[in-house]
Amino acid sequence: FFYIQENNKTAVTVIFLLGFQGSQDLRVYLFCLFLLIYCGTICGNLLIIALVSTSRTLHTPMYFFISQLSISDILLSTDIVPNLLHILLNNGGTITFIGCITQFYAFSASEAFECFLLALMSYDHYVAICHPLRYHTVMKSEHSRTLTTTCWLFGFSIVLIYTITTAKMDFCGPNTIDHIFCDLGPLLELACSSSFIVDLQVYFLSFPIVIIPSAIILLSYTYIVLEVLKIPSQNGRQKAFSTCSSHLIVVSIFYWTMFSVYIVPTKGQSSTISKILSLLYTVFTPFNNPIIYSLRNEEIKKSLQKILCTSDI
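So, here's what we can say about the structure. Keep in mind it's a predicted model, so treat the numbers as computed, not measured.

Overview of the overall build of the protein chain
- Secondary structure summary: the protein chain contains 10 helices and 5 strands in total.
- Taken over the C-alpha trace, the protein chain has a radius of gyration of 22 Å; the compact-globule value for 313 residues is 20 Å, and the two agree within 12%.
- Here the C-alpha coordinates of the protein chain stretch approximately 70 × 45 × 35 Å along the principal axes.
- Across the 313 residues in the protein chain, those meeting the buried criterion constitute 47%.
- Counted over contacts in the protein chain with a minimum sequence separation of 6, partners at least 24 positions apart contribute 78%.
- In the form shown here, the protein chain has an accessible surface area of approximately 16100 Å², with 67% of it arising from carbon and sulfur atoms.
- Both charge centroids of the protein chain, one from 16 positive and one from 17 negative side chains, sit 11 Å from each other.

Below you can see the structure in the form of structure tokens.
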């Protein structure tokens, strides 16, 4: 059932994900919690997309980028949570090898896209605050759409390189992953061939995916802070910082969780801690993003109130 003979080798065709092992009561509680979060994630992000699409006051590059972030969050959450719920109900679950690779690819592509998009959003804030007179020239509607499309293409094409290399490796058992989804690290532990090429590809591709976007974000906010400090009035400075606060919170949560999982040494770290950290950026972050942007953004709140008032009438 789990293996097939291929060229005198035993190849893994089905992978068993352990998920969270524990009592049935604990798994039922986690199932209800993640189901509630997943429903909130889908509804919250769809609401953001609907508001940006229908409200004329939100037809600006900044809100267009926010709607694209919501699309990415829906993709990421849908890639991970439904299978996680199945695993919780059955105290573990199987996934085909092709399904595992596909899940890993969709997860990695959405994360890469978010890295690019957050950098693009920081540049948008930089132009708006440091060069306000040139903003409508630099960040035209067609320019923002072209840049976003480029981010999508880069995200899905760059990750494809090491995804294909990983899929071509020899996986000949065991076929059990002690994790909640098919991530690269746990997947490579099942390989019976060297992962040197994959590791090398991931190392070099981390520069365009992580390092360069991080540098753009840091550089943008360095110039933003220097520009804001030149504003004489305190109210003016607070207003300028408030336009960036939601984005800064999202960036901080995203990079903190990602660096906790992939950069901080995991030696001696229990599998439970690793799973919890993975939950932060695959389940909770897509749930938090629409909350952060809706609660801290006056334009979004006004658009929502306008729609609710119209529906009451």
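Now, onward.
What to know about the side chain of T148
- Relative to the helices and strands, T148 is located in helix 5 (residues 141-167).
- The class of T148 is buried, set by a relative accessible area of 1%.
- Residues in contact with T148, not counting those within four places in the same chain, are F64, F65, Q68, F113 and L120.

Regarding the nonpolar core
- Judged by nonpolar contacts, the single largest core of 91 residues is most densely connected at I15, F34, L118, F171, I209, I224 and Y255.
- In terms of residue count, helix 3 (residues 97-130) provides more of this core than any other element does, 20 residues in total.
- Those residues in contact with L118 that sit more than four places away from it in its chain are I217, H247, V250, V251, F254 and Y255.

A look at the pairing of strand 4 (residues 93-96)
- Because side chains alternate across strand 4, one face comprises the buried residues G93 and I95, and the other comprises T94 and T96, none of which is buried.
- In terms of strand pairing, strand 3 (residues 14-17) meets strand 4 through 4 bridges, oriented antiparallel. Looking at the pairing, L17 lines up with G93 of strand 4.

Considerations on unusual backbone geometry
- Here N91, not a glycine, exhibits a phi torsion of approximately 55 degrees, which is positive.
- With respect to the helices and strands, N91 occurs in the loop between helix 2 (61-90) and strand 4.
- In this structure N91 comes out as partly exposed when scored by relative accessible area, which is 29%.

Cut-off values and rules
Residues numbered from 1 in each chain as written. Predicted model: local features only at pLDDT ≥ 70, side-chain atom pairs only at ≥ 80, totals over all residues. Heavy atoms only, no water. Helix = DSSP H or I, 4+ residues; strand = E, 2+ residues; numbered from the N terminus. Rg over C-alpha atoms; globule rule 2.2 N^0.38 Å. Buried < 20%, exposed > 50% of the residue type's maximum accessible area, 1.4 Å probe, protein only. Contact = heavy atoms within 4.5 Å. Areas by Shrake-Rupley, 256 points an atom, 1.4 Å probe, with all protein chains shown as cover. Lys, Arg positive; Asp, Glu negative; His and termini not counted. Charge placed at Lys NZ, Arg CZ, Asp CG, Glu CD. Core = buried A, V, L, I, M, F, W, Y, C linked by side-chain atoms within 4.5 Å. Pairing = 2+ DSSP bridges.

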